[in-house]
Amino acid sequence: MNTVVLNNPLIKHKLAIIRDKRTGTKEFREIIGEIATFLCYEAMSDAVLEEVEIETPICKTKAQKLDENKYAFVPILRAGTGMLDGLINAIPNAKIGHVGLYRDETTHKPVKYYYKMPQDIANREVIVLDPMLATGGSAYDTISMLKEDGVKKIKFLSIISAPEGIKKIEELHPDVKVYTACIDEKLNENAYIVPGLGDAGDRIFGTK
Ligand code: PRP
Ligand code: URA
């Protein structure tokens, strides 16, 4: 399986809070950001570091640093932007692109309305953000657009995934690793994740 699932008691605790329909916008947003930071640390576990010389208050020493200019974050609008601060906290110098997609209510297929990437996107490792990986349509289309732009290394970060979405990405974009806080049971007849957390965009932005 080309998917990494966080297996951490504190993350499970935080997931229980955001799944609860009584949880308000403020706490929901904060926890989405916290889990996003944790996912980012996990996704960076294969990062190649550069050796540098530094001086601590005690002595000179060699240390290892990340070239932050090699990365770009791409949140899928709207809900993906809820994860963005959590990633910027971890890698402040990453560039940011945006993909605007919404799911058609009857077909459940993504409809594109915006696409804006940094000019040098093809030379960067791209980390795509979306809290919900449901049918996988939005993730699939975003990854395909990035590949058309010449991006070679792509990772996908989600808070909650459905088995159907994981399967789609593993089959159709096998080079893309998915990092998720959990894989739920299934999709319902409206292509919502069960048990899930409802509509992530509406809960982050308070639109319902
Ligand atoms: C949600 C979610 C994903 C997509 C997942 O967005 O944030 O982008 O659905 O579903 P999929 O895997 O079946 O494509 P939505 O279309 O509700 O838009 P929003 O973020 O603007 O609320
Ligand atoms: N989008 C959401 O926000 N939630 C789901 O469960 C599925 C798609």
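Residues numbered from 1 in each chain as written. Chains lettered and ligands numbered in written order. Predicted model: local features only at pLDDT ≥ 70, side-chain atom pairs only at ≥ 80, totals over all residues. Heavy atoms only, no water.

(A) Highlighting the environment of Leu84. Topologically, Leu84 is positioned in helix α3 (residues 81–90). On the basis of relative accessible area, Leu84 is assigned to the buried category, the value being 11%. Note: C-alpha distance between Leu84 and Ala36 (48 residues apart in sequence) is 7.7 Å. Leaving out residues up to four positions away in the same chain, Leu84 has contacts with Phe73, Pro75, Ile96 and Leu129. (Helix = DSSP H or I, 4+ residues; strand = E, 2+ residues; numbered from the N terminus. Buried < 20%, exposed > 50% of the residue type's maximum accessible area, 1.4 Å probe, protein only. Contact = heavy atoms within 4.5 Å.)

(B) Main features of the site of ligand 2. By nearness alone, every residue bordering ligand 2 is listed as Arg103, Met132, Ala134, Ala191, Tyr192, Ile193, Gly198, Asp199 and Ala200. One of the backbone N or O atoms of Ile193 is found 2.8 Å from an oxygen atom in ligand 2. Within the backbone of Gly198, one N or O atom sits 2.8 Å away from a nitrogen atom of ligand 2. For ligand 2, the protein covers 88% of the area, taking 230 Å² as the surface of the free molecule. Among the detected pockets, ligand 2 sits in the largest pocket. (Near = heavy atom within 4 Å. Polar contact = N/O pair within 3.5 Å; in protein donor to acceptor, adjacent residues only side chain to side chain. Areas by Shrake-Rupley, 256 points an atom, 1.4 Å probe, with all protein chains shown as cover. 1 Å grid on protein atoms, 1.4 Å probe; cavity = no way out; pocket = protein on both sides within 12 Å on 5 of 7 lines; lining within 4 Å. Sits in = over half its atoms within 2 Å of the grid points.)

(C) Geometry of the site of ligand 1. Around ligand 1 lies a shell of 15 residues, among which Arg103, Asp130, Thr135, Gly136 and Ser138 are the nearest. Between an oxygen atom of ligand 1 and a side-chain N or O atom of Arg78, the distance comes to 2.9 Å. Here an oxygen atom of ligand 1 and a backbone polar atom of Ala79 are 3.0 Å apart. With the chains in place, 91% of the 500 Å² that ligand 1 exposes on its own is no longer accessible. Cavity membership is defined here by more than half of the atoms lying within 2 Å of grid points; on that basis ligand 1 lies in the largest pocket. Going through the elements one at a time, β6 (98–103), β9 (132–133) and α4 (137–148) are the ones with two or more residues in the shell around ligand 1. Across the shell around ligand 1, the residue classes tally to six nonpolar, five polar and four charged. (Nonpolar A, V, L, I, M, F, W, Y, C, P; charged D, E, K, R; others polar.)

(D) Main features of the layout of surface pockets. The space that makes up the largest pocket amounts to roughly 740 Å³. Lining the largest pocket are 31 residues; nearest its centre among them are Leu101, Tyr102, Arg103, Tyr192 and Asp199. Elements with a contribution of two residues or more to the lining of the largest pocket: β4 (71–77), β6, β9, α4 and α6 (200–205). Of the residues contributing to the lining of the largest pocket, the split by class is 15 nonpolar, eight polar and eight charged. Its boundaries defined by the atoms lining it, the second largest pocket holds a volume of some 170 Å³. As for the second largest pocket, its lining consists of 13 residues, and the residues nearest its centre are Leu197, Asp199, Asp202, Arg203 and Lys208. (Points joined across faces, edges and corners; volume = space filled by probe spheres on them.)

(E) The side chain of His173, seen in detail. Within the secondary structure, His173 sits in the loop between α5 (163–172) and β11 (177–183). For His173, a relative accessible area of 5% translates into the label buried. In this structure, His173 is in contact with Tyr140, Ile143, Ser144, Lys147 and Lys168, ignoring residues within four places of it in sequence.

(F) Spatial organisation of a nonpolar patch on the surface. Taken together, the side chains of Met1, Val5 and Ile183 make up a nonpolar region of the molecular surface, amounting to roughly 280 Å² of accessible area. Relative to the elements of secondary structure, Met1 occurs in the segment before β1 (3–5). Since its relative accessible area comes to 72%, Met1 is described here as exposed. (Patch = residues over 30% accessible without salt bridge, like charges linked within 9 Å, V, L, I, M, F, W, Y side chains within 5 Å. Salt bridge = Lys/Arg side-chain N within 4 Å of Asp/Glu carboxyl O.)

(G) Representation of the packing of aromatic side chains in the model. Throughout the structure, instances matching the rule amount to one aromatic pair. The ring centre of Tyr192 lies 5.4 Å from the NZ or CZ of Arg103, which sits over that ring. Lying across the ring of Tyr140, Lys168 places its NZ or CZ 5.3 Å from the centre. (Phe/Tyr/Trp six-rings, centres within 6.5 Å; stacked < 30°, edge-to-face > 60°. Lys NZ or Arg CZ within 6 Å of the ring centre and 35° of its normal.)

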